[in-house]
Amino acid sequence: MTPPIVVLDEAAMQAAEARIPELAELAVRQARQQALQISGRVIEAVDGQLVETRASGERHVLRSLPARIPVRRGMTLTRRAPR
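These notes cover the structure that comes with them. Just so you know, these numbers come straight off a predicted model, no measurement behind them.

Pairing geometry for strand S2 (residues 49–54) and strand S3 (residues 59–64), over five bridges, is antiparallel. Within the sheet, the bridge partner assigned to leucine 50 lies in S3 and is arginine 63. Connecting S2 to the next strand, S3, in antiparallel fashion are four residues, including glycine 57 with a positive phi near 100°.

Right, dumping it as structure tokens:
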């Protein structure tokens, strides 16, 4: 059975789009918690360093990350070809 098609007006669409950042933040938080529960560790970037965080709260710095690349809105980045 096909679900009914819901037509949103402009105000409803803008309200739904305004929630995207909130929903994304929630999804990241839930994924982090799930990874900690399943594997007991998460690897994440924290203050310019690659850090392994364990379920116990212990943190281990794996390495420093290179400086961030400043990006402007609309800018296109390309990857170098592998050597």
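Attention now moves to the sheet that holds S3. Strands sit in the order S1-S2-S3 across an open sheet of three strands; the sheet is antiparallel. With partners counted over all chains shown, the strands left at the sheet margins are strand S1 (41–46) and S3, one partner each. Between one strand and the next, the sheet's axes are offset by a mean angle of 25°, whatever the strand orientation. Bridging between S1 and S2 involves six bridges; their strand directions are antiparallel. Bridge pairing in S2 places valine 46 opposite glutamine 49. On top of the sheet, helix H2 (residues 20–39) reaches S1, S2 and S3; it is set at about 140° to S1, its chief contact.

With that settled, consider H2. Its 20 residues place the ends of H2 28 Å apart at the C-alpha level, agreeing with the 28 Å of an ideal helix rising 1.5 Å per residue. The positive-phi residue at the C-terminal boundary of H2 is glycine 40, with phi of around 80°.

Another aspect to go through is the environment of arginine 68. With respect to the helices and strands, arginine 68 occurs in the segment after S3. Relative accessible area serves as the criterion here: at 80%, arginine 68 is assigned to the exposed category. The spacing of arginine 68 and glycine 48 is 20 residues in sequence and 8.3 Å in space, taken between C-alpha atoms.

What counts and what doesn't
Residues numbered from 1 in each chain as written. Predicted model: local features only at pLDDT ≥ 70, side-chain atom pairs only at ≥ 80, totals over all residues. Heavy atoms only, no water. Pairing = 2+ DSSP bridges. Helix = DSSP H or I, 4+ residues; strand = E, 2+ residues; numbered from the N terminus. Axes fitted to C-alpha atoms, helices over the stretch in contact; angles between N-to-C directions. Contact = heavy atoms within 4.5 Å. Expected span 1.5 Å × (residues − 1). Buried < 20%, exposed > 50% of the residue type's maximum accessible area, 1.4 Å probe, protein only.

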